[in-house]
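What the coordinates show
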Amino acid sequence: MRKLVLFTVLLTAILLPLSAQDGGDDTNSDGKPDRWVIMSGGLVGEIRIDRDYNGEVDYIVIYDSKSEKKEEILDFNFDGVMDDYYFYSSGKMIRREIDTNFDGKIDVWVYLDGIYIQKYEKDTDFDGVIDVTKDYTGE
Ligand SMILES: [Ca+2]
Ligand SMILES: [Ca+2]
Ligand SMILES: [Ca+2]
Ligand SMILES: [Ca+2]
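Attention here is on the structure that accompanies the text.

Criteria and cut-off values
Residues numbered from 1 in each chain as written. Chains lettered and ligands numbered in written order. Predicted model: local features only at pLDDT ≥ 70, side-chain atom pairs only at ≥ 80, totals over all residues. Helix = DSSP H or I, 4+ residues; strand = E, 2+ residues; numbered from the N terminus. Buried ≥ 20, exposed ≤ 12 C-beta atoms within 10 Å, placed from the backbone. Contact = placed C-beta atoms within 7 Å.

**Comments concerning the environment of aspartate 79**
Here aspartate 79 lies in the loop between strand 4 (69-74) and strand 5 (84-89). For aspartate 79, a count of 12 C-beta atoms within 10 Å gives the class exposed. When the C-alpha positions of aspartate 79 and glutamate 56 are compared, they lie 9.3 Å apart, and in sequence the two are 23 residues distant.

**Re unusual backbone geometry**
Although it is not a glycine, serine 67 sits at a positive phi angle of roughly 65°. When you line up the elements, serine 67 lands in the loop between strand 3 (59-63) and strand 4. C-beta crowding within 10 Å serves as the criterion here: with 10 such atoms nearby, serine 67 is assigned to the exposed category. With phi around 55°, phenylalanine 78 is a residue other than glycine that occupies positive phi space. Residue class for phenylalanine 78 comes out partly exposed when judged on the 14 C-beta atoms lying within 10 Å of it.

**What about the environment of aspartate 58?**
Topologically, aspartate 58 is positioned in the loop between strand 2 (43-49) and strand 3. Residue classification places aspartate 58 among the buried positions, given that 23 C-beta atoms sit within 10 Å. It is 6.8 Å that separates the C-alpha atoms of aspartate 58 and glycine 80, two residues lying 22 residues apart in sequence. Leave out the neighbours within four places in its chain, and aspartate 58 touches Asp50, Arg51, Asp52, Leu74, Asp75 and Phe78.

In structure tokens form, the structure reads like this:
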């Protein structure tokens, strides 16, 4: 009997923080959650934010196992579809992918070394085929 009580207490202790996390934080006190922190292996794995408080996540930051920022995803025009992707390696931005016409498909790819652009590719007519490439590394 004693074991069962202990088990129940433990279970409650484990479940409570989890369910609170699922609900997210209400940072603007409007009664609706707008910030979610997803833990992974005891570390923050992901943060999701609803920047315009409409109930839809429009900004996500993903961290790697060393707590370094790995990826940032943004819904720039708040239409519910992510359109701006930032990829990082060792704290430096290495790539950015943008859906500039908001049709759900990436049409600009930028390759960087931190702040310096090395190369970019564009699909200017949005047919899914890259038609402009500029490489700064070979010049
Ligand atoms: Ca809120
Ligand atoms: Ca939103
Ligand atoms: Ca969007
Ligand atoms: Ca596009």
